[in-house]
Amino acid sequence: DVKVTQSSRYLVKRTGEKVFLECVQDMDHENMFWYRQDPGLGLRLIYFSYDVKMKEKGDIPEGYSVSREKKERFSLILESASTNQTSMYLCASSFSSGWFHEQYFGPGTRLTVT
Amino acid sequence: GQQVMQIPQYQHVQEGEDFTTYCNSSTTLSNIQWYKQRPGGHPVFLIQLVKSGEVKKQKRLTFQFGEAKKNSSLHITATQTTDVGTYFCAGEKGGGNKLTFGTGTQLKVEL
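First, a word on scope: everything that follows refers to the structure included in this document. In this numbering scheme, every chain counts its residues from 1 along its sequence in written order. A letter from A marks each chain and a number from 1 marks each ligand, given out in the order of writing. In view of the model being predicted, local features appear only for residues whose pLDDT reaches at least 70, and side-chain atom pairs are presented and counted only at 80 or more, with totals across whole chains, interfaces and linings using the full set of residues. The side-chain numbers reported here are obtained from all heavy atoms of the structure, hydrogens and water having been left aside.

1. Notes on the overall build of chain B
Turning to step 1, where the next piece is worked out: The helix and strand inventory of chain B stands at zero helices and 11 strands.
Turning to step 2, where the next piece is worked out: Under the scheme used here, helices are H or I runs from DSSP no shorter than 4 residues and strands are E runs no shorter than 2 residues, and both carry numbers assigned from the N terminus. Across chain B, helices and strands are ordered from the amino to the carboxyl terminus as β-β-β-β-β-β-β-β-β-β-β.
Turning to step 3, where the next piece is worked out: Throughout, radius of gyration means the C-alpha value; the globule benchmark is 2.2 Å times the number of residues raised to the power 0.38. Scaling as 2.2 N^0.38, a compact globule of 111 residues should have a C-alpha radius of gyration of about 13 Å, and chain B matches this with 13 Å.
Turning to step 4, where the next piece is worked out: Taken along the three principal axes of its C-alpha coordinates, chain B extends 40 × 25 × 20 Å.
Turning to step 5, where the next piece is worked out: Looking at chain B as a whole, 49% of its 111 residues qualify as buried.
Turning to step 6, where the next piece is worked out: Taking contacts inside chain B between residues at least 6 apart in sequence as the whole, the part at least 24 apart equals 54%.
Turning to step 7, where the next piece is worked out: Method for areas: the Shrake-Rupley scheme with a 1.4 Å probe, in which residue coverage is limited to the protein chains shown. Total accessible area on chain B stands at roughly 5,200 Å², and carbon and sulfur atoms take up 51% of it.
Turning to step 8, where the next piece is worked out: Note that His is not counted, nor are the chain ends; the positive residues are Lys and Arg, and the negative ones are Asp and Glu. Lys charges are placed at NZ, Arg charges at CZ, Asp charges at CG and Glu charges at CD. Counting 12 positive and 8 negative side-chain charges, chain B places the centres of these two groups 9 Å from one another. Only protein chains enter the calculation, and the probe is 1.4 Å; a residue is then buried if its accessible area is under 20% of its type maximum, exposed if over 50%, and partly exposed in between. We call two residues contacting when some pair of their heavy atoms lies within 4.5 Å.

Put into structure tokens, the structure is as follows:
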């Protein structure tokens, strides 16, 4: 059973703080993704990674960075949190080969920046 | 950039009624996926469609991929309370498994 875990379900941070969101998957997936989910906007891709130490910008990378030092772990970093980064953050992973590219999601981290 | 629009944003039905959500992409897709997110949960993969004009069924759910591979639909026959949630389409263009998600349709089912 594929498992994607995220370090926190709920997080409250202050404006200007540096925030780390961690994601770990146990299926040896090559691809990992970070999305944010906001009402009426669906899921928007922040960053993704095809391999260790590789990263690609998604559709809304501004204000975020990522780190992938190990295959199973993908971290999202908010260098200086702002109130407009209050959101639900979802991590996902998938295989890169094969016909089906199903993404497996973690439970999400609801981040509030005050 | 690629955009994927989904309508309606909300749908409220009586149990037993049918439900359809539509997805339209601004560009031709290599495949389209559908996900379901239960209230308080995370998106869970339902299906992937690859071929032009493809139709797939999962029990009461019917998925279609348009001939031009730019639009898709999900139809639920005789909704049940277990169908409650938000349904997202997600389009993949080219390779790499980079998906562009639609805005989602939130389905509520009343007894």
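2. Brief notes about the layout of surface pockets
Space left empty within the atom packing is revealed by a probe, the size of a water molecule, rolled over the atoms.
Turning to step 1, where the next piece is worked out: Estimates place the volume of the largest pocket at around 590 Å³.
Turning to step 2, where the next piece is worked out: Think of a 1 Å grid over just the protein atoms. A cavity is a set of points where a 1.4 Å probe fits yet cannot get out, a pocket is an open set with protein on both sides within 12 Å along at least five of seven lines, and lining residues have an atom within 4 Å of a point. Forming the boundary of the largest pocket are 30 residues, of which Gln37(A), Pro39(A), Arg110(A), Gln37(B) and Thr86(B) lie nearest the centre.
Turning to step 3, where the next piece is worked out: Elements supplying a minimum of two residues to the lining of the largest pocket: strand 4 (31–38) and strand 9 (87–94) of chain A together with strand 9 (85–92) and strand 11 (105–110) of chain B.
Turning to step 4, where the next piece is worked out: If one sorts the elements of the lining of the largest pocket by residue count, strand 11 of chain B sits on top with four residues.
Turning to step 5, where the next piece is worked out: Classifying every residue of the lining of the largest pocket gives 10 nonpolar, 15 polar and five charged.
Turning to step 6, where the next piece is worked out: Taken as a whole, the second largest pocket holds about 260 Å³ of empty space.
Turning to step 7, where the next piece is worked out: Lining the second largest pocket are 16 residues, with Arg44(A), Gln2(B), Gln3(B), Thr100(B) and Phe101(B) positioned closest to its centre.
Turning to step 8, where the next piece is worked out: Secondary structure elements with two or more residues in the lining of the second largest pocket: strand 5 (42–49) of chain A together with strand 1 (4–7) and strand 10 (99–101) of chain B. Grid points are joined across faces, edges and corners, and a volume is the space filled by probe spheres set on the points. Gly counts as polar in this scheme, as do all residues outside two lists: the nonpolar Ala, Val, Leu, Ile, Met, Phe, Trp, Tyr, Cys and Pro, and the charged Asp, Glu, Lys and Arg.

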